[in-house]
Amino acid sequence: FYEFIQNLEYNQMKYIGLDEDNCDLYNSQIRQDKDEKYDPYLIVKVPFRHNKYEVDILNKDNSYQSIQNIYNFTKMRCDIFIDKIWKYNEKYVCKWKIKKIEIV
């Protein structure tokens, strides 16, 4: 998965017109903790509009539940998508959002 996202970001940089000389103009959404204790992670936003979360959350019984019932280190499977690629402070950013969460 990590390599897939990384290759996708490289393809986005190529499509935008960035190369090795100016690749610092692309802000990757893959992050690594300072101590490198954990695997790299992808920054993904949960859509929130009109004072509510716009994401379907299903538990193991395939019944819907609230986002407040998800705790740290809960294992889940997420359907994610690219919301937009935009330029902010002279850098390009690709924003990922969650469409559906399944608690496993």
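Residues numbered from 1 in each chain as written. Predicted model: local features only at pLDDT ≥ 70, side-chain atom pairs only at ≥ 80, totals over all residues. Heavy atoms only, no water.

Novice: Any chance you could explain the packing of aromatic side chains here in plain terms?
Specialist: Aromatic ring pairs are reported here in terms of the distance separating the ring centres and the angle at which the planes meet. If you walk through the whole model with that rule in mind, you get two aromatic pairs. When the centroid spacing of 4.8 Å and the interplanar angle of 65° are considered together, the rings of Phe48 and Tyr53 count as edge-to-face. On the accessibility criterion, Phe48 (47% relative accessible area) is partly exposed. Ring centres of Trp86 and Tyr88 lie 5.3 Å apart, and the angle between their planes is 45°; on these two criteria the pair is classed as tilted. (Phe/Tyr/Trp six-rings, centres within 6.5 Å; stacked < 30°, edge-to-face > 60°. Buried < 20%, exposed > 50% of the residue type's maximum accessible area, 1.4 Å probe, protein only.)

Novice: Please explain the environment of Asn11 as it appears in this structure.
Specialist: Along the chain, the position of Asn11 falls in helix H1 (residues 2–16). In this structure Asn11 comes out as partly exposed when scored by relative accessible area, which is 45%. Along the backbone, Asn11 and Phe48 are 37 residues apart, and their C-alpha atoms lie at a distance of 29 Å. (Helix = DSSP H or I, 4+ residues; strand = E, 2+ residues; numbered from the N terminus.)

Novice: What is the right way to look at the layout of surface pockets in this model?
Specialist: Rolled over the atoms, a probe as big as a water molecule pinpoints where empty space is left. Volume-wise, the largest pocket comes out at about 790 Å³. Lining the largest pocket are 23 residues; nearest its centre among them are Tyr41, Leu42, Val44, Met76 and Cys78. Every element with two or more residues in the lining of the largest pocket is listed here: H1, strand E3 (41–42), strand E7 (76–88) and strand E8 (91–103). At three residues, E7 tops the list of elements feeding residues into the lining of the largest pocket. Across the lining of the largest pocket, the residue classes tally to 19 nonpolar, two polar and two charged. (1 Å grid on protein atoms, 1.4 Å probe; cavity = no way out; pocket = protein on both sides within 12 Å on 5 of 7 lines; lining within 4 Å. Points joined across faces, edges and corners; volume = space filled by probe spheres on them. Nonpolar A, V, L, I, M, F, W, Y, C, P; charged D, E, K, R; others polar.)

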